[in-house]
Every structure is written in structure tokens, then in C-alpha cells.
Amino acid sequence: MQVNLPPDLETLVNKRLSSGGYTSVEDVFRRALEAQDAEESWTDEERRALTAHIEEGFLQAERGELIDGAQARREIQAMKDTHRLRGVVRLQPR
């Protein structure tokens, strides 16, 4: 398969390649398509849950109920660990 890219997309691909995070043009496209596929696989329920979770965090911040960066990193790591064990992320309100 051959793909002809407009100049703006070619510039983006080259930017990704020069960052060192990609080994080839195919790698850039593979990761982009995998990310798009993952995004499109979200259900409406998962999107609503994420939106509600973000809104909850915003409201907590407005009330001054913030945590420091170290605590946030610990909580995110715990969520990642849970995700790896279950294979699924379930967002739940605090």
C-alpha cells in the first residue's frame, strides 16, 4: 500500500520521527491507528463515566479539596496496577 500525504501530515510524521520515539513511518502510523482504535472502542457509558469523573475533580478543586503531586502520582499508580490486574479500568466516584 502506498499513501500520499499532504505536506502538513508529512511534517507531523517527520516531527514524530525526529523526536526519537518512533523507529519508522510505519511505527508512527501503527501507533496513531492503535490510539484511534482504542479511543473509538470506548462505549458511551465509559465516556459518560470519564466526563463525570473529570467534573467531580473540577468541583473538588473549586472547593479547595486538592491533593499534592506525590499523592496524585501514588493514586494514579494504584489505578494502573488495578487496571493491569483486572484488565479493565472502572472509574468510581470517591
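Structure first, text after, so check above.
Description of the structure in this document. All of these numbers come straight from a predicted model, not from anything done at the bench.

1. Quick look at the packing of helix α1 (residues 7–18) against helix α2 (residues 25–40)
Okay, step 1: Between α1 and α2, whose axes approach to 9 Å, the crossing angle comes to 105 degrees. With respect to each other, α1 and α2 are oriented roughly perpendicular. From α1, Val13, Arg16 and Leu17 reach across to α2, where they touch Val25, Val28 and Phe29.
Okay, step 2: A breakdown of the residues in the contact of α1 with α2 according to their chemical character gives 5 nonpolar, no polar and 1 charged.

2. A word on a nonpolar patch on the surface
Okay, step 1: Together, Val25, Phe29 and Leu33 line one region of the surface with nonpolar side chains, adding up to about 240 Å² of accessible area.
Okay, step 2: In this structure, Leu33 sits in helix α2.

3. Concerning the pattern of salt bridges
Okay, step 1: Taken as a whole, this structure holds 2 salt bridges when the rule is applied.
Okay, step 2: The salt bridge involving Asp27 is made with Arg31; its shortest N-O contact spans 3.3 Å. Placement of both Asp27 and Arg31 in helix α2 is noted, with a separation of 4 residues, approximately one turn of the helix.
Okay, step 3: A relative accessible area of 10% means that Asp27 is categorised as buried.

4. A short note on the environment of Thr82
Okay, step 1: Tracing the backbone shows Thr82 in helix α4 (residues 69–86).
Okay, step 2: The class for Thr82 is partly exposed, based on a relative accessible area of 30%.
Okay, step 3: A C-alpha to C-alpha distance of 26 Å links Thr82 and Ala32, two positions 50 residues apart in sequence.

Reading the values: rules and limits
- Residues numbered from 1 in each chain as written.
- Predicted model: local features only at pLDDT ≥ 70, side-chain atom pairs only at ≥ 80, totals over all residues.
- Heavy atoms only, no water.
- Axes fitted to C-alpha atoms, helices over the stretch in contact; angles between N-to-C directions.
- Helix = DSSP H or I, 4+ residues; strand = E, 2+ residues; numbered from the N terminus.
- Parallel < 35°, antiparallel > 145°, perpendicular 65-115°, else oblique.
- Contact = heavy atoms within 4.5 Å.
- Nonpolar A, V, L, I, M, F, W, Y, C, P; charged D, E, K, R; others polar.
- Patch = residues over 30% accessible without salt bridge, like charges linked within 9 Å, V, L, I, M, F, W, Y side chains within 5 Å.
- Areas by Shrake-Rupley, 256 points an atom, 1.4 Å probe, with all protein chains shown as cover.
- Salt bridge = Lys/Arg side-chain N within 4 Å of Asp/Glu carboxyl O.
- Buried < 20%, exposed > 50% of the residue type's maximum accessible area, 1.4 Å probe, protein only.

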